[in-house]
Amino acid sequence: MRYIHIVLGRANAVILAIGLLLLGGCAEKPVLELFDVEEALAAAADVEADIYAPEEFNLAVMNLESGQHAIEDEEARAAWSRNYELAVDYLFMAYEQAIQAEAIAMANKEEIFEQAQASLPIAERTMDAAFEAVERLRTRPVSIRDLQTLDDELAAAFLNLNRGRAALEDGSYQDAATILQQVRETAAAAELRARQIAELLGPPM
């Protein structure tokens, strides 16, 4: 939350300047305002706001594009009749949304990182339990087809486990969290199936 206040705080001067333009009308092309919005969007993109705060980021992009179109429309008019007030409206909204997107993305990214980091050891333990359950089956009269199915599922889960580790190390926290959750689900399902097969076979002789 502290980061959000810092990011929003540094936006006050720009928002005030744009607000004054809105109150007084605007006959000059809002070049500086356009630059401020593009800079704010670039900062949001740097923290992957398109992934971690997609709603706010996409709204900012949409309003920037609307502002640019409004500027183009005014540029097509005679110089004496131009009024960029509508463009400034859009740029004002785009700037606020870009600042919000940056702050929200930072908060969400930290939260998802913690989730992914906590999920990794759980995924590893779930994989270990599944491997052990399948290995115990190998000493039993199990069909080759059942064992092959379980082996294929665990091999795919193991590959995903490594993908999840790599994504976590690379900073792709959303991908890491999603992949590791898939590993946990696949491994848990394989362990359950191995236990069910063992129960059907009865106690070892």
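These numbers come from a predicted model, not from an experiment.

Within the secondary structure, Ser-119 sits in helix H6 (residues 85–137). A polar side-chain atom of Ser-119 sits 3.2 Å from a polar atom in the side chain of Arg-184. Residue contacts for Ser-119: discarding those within four places in its chain leaves Leu-180, Gln-181 and Arg-184.

Now for the packing of H6 against helix H8 (residues 173–201). It is the contact of H6 with H8, at a shortest axis distance of 7 Å, that shows an interaxial angle of 25°. Our classification of the angle between H6 and H8 gives roughly parallel. Of the two possible hands of crossing, H6 and H8 adopt the one that is left-handed. Of the residues in the contact of H6 with H8, the class split is 23 nonpolar, 4 polar and 5 charged.

Time to look at the environment of Met-93. Secondary-structure assignment places Met-93 in helix H6. When its relative accessible area of 34% is taken as the criterion, Met-93 is described as partly exposed. Each C-alpha atom of the pair Met-93 and Leu-59 lies 8.7 Å from the other, and the pair is 34 residues apart in sequence.

Quick look at the nonpolar core now. Counting residues in hydrophobic clusters, the biggest one holds 50 residues, and the most contacted among them are Val-37, Leu-41, Ala-49, Leu-64, Leu-137, Leu-150 and Leu-161. Sorting the residues of this core by element identifies helix H3 (31–46), helix H4 (49–52), helix H5 (54–75), H6, helix H7 (144–170) and H8 as the ones contributing at least two each. In terms of residue count, the dominant contributor to this core is H6 (17 residues). Residue contacts for Leu-64: discarding those within four places in its chain leaves Leu-34, Val-37, Glu-38, Leu-41, Leu-91 and Ala-94.

Our focus in this paragraph is H5. For H5, which comprises 22 residues, the first-to-last C-alpha distance of 31 Å matches the rise-based estimate of 32 Å (1.5 Å per residue) to within 8%. Looking only at H5, the buried set comprises Phe-57, Ala-60, Asn-63, Leu-64, Gly-67, Ala-70, Ile-71 and Glu-74. The buried residues of H5 all sit within an arc of 145° when viewed along its axis, so they share a single face. The exposed residues of H5 that point more than 90 degrees off its buried face are Glu-55, Glu-72 and Asp-73. Those residues of H5 that are buried lie in contact with H3, H4 and H6.

Parameters at a glance
- Counting starts from 1 at the beginning of each chain's written sequence and moves along it residue by residue.
- Under the rules for a predicted model, residues below a pLDDT of 70 receive no local features and side-chain atom pairs below 80 are neither given nor counted, while totals for whole chains, interfaces and linings still include all residues.
- Only hydrogens and water are set aside; all other atoms, that is, all heavy atoms of the structure, feed into the side-chain values.
- Each helix is a run of H or I in the DSSP string that is no shorter than four residues. Each strand is a run of E no shorter than two, and both are numbered from the N terminus.
- For this analysis, a polar contact is any N or O atom pair within 3.5 Å, provided that within protein one partner can donate a hydrogen and the other can accept it, and provided that sequence-adjacent residues contribute only side-chain to side-chain pairs.
- Whether two residues are in contact is decided by their heavy atoms, any of which lying within 4.5 Å being enough.
- Lines fitted to the C-alpha atoms define the axes, with helices restricted to the stretch that makes contact. Angles between their N-to-C directions range from 0 to 180 degrees.
- Each angle is binned into one of four classes, with values under 35 degrees roughly parallel, values over 145 roughly antiparallel, values of 65 to 115 roughly perpendicular, and all other values oblique.
- Left-handed is the label given to a crossing in which the near helix is rotated counterclockwise from the far helix by less than a right angle, and right-handed is the label when the rotation is clockwise.
- Residues are grouped as follows: Ala, Val, Leu, Ile, Met, Phe, Trp, Tyr, Cys and Pro are nonpolar; Asp, Glu, Lys and Arg are charged; all remaining types, including Gly, are polar.
- In this scheme, a residue with accessible area under 20% of its type's maximum is buried, one over 50% is exposed, and one in between is partly exposed, where area comes from a 1.4 Å probe on protein chains only.
- Nine residue types can take part in a nonpolar core, namely buried Ala, Val, Leu, Ile, Met, Phe, Trp, Tyr and Cys, and a core is a set of them joined through side-chain atoms within 4.5 Å.
- A helix is expected to reach a length of 1.5 Å times the quantity of its residues less one.
- Read the arc as the range of directions from the helix axis to the C-beta atoms.

Function-wise, these values are silent; they only describe arrangement.
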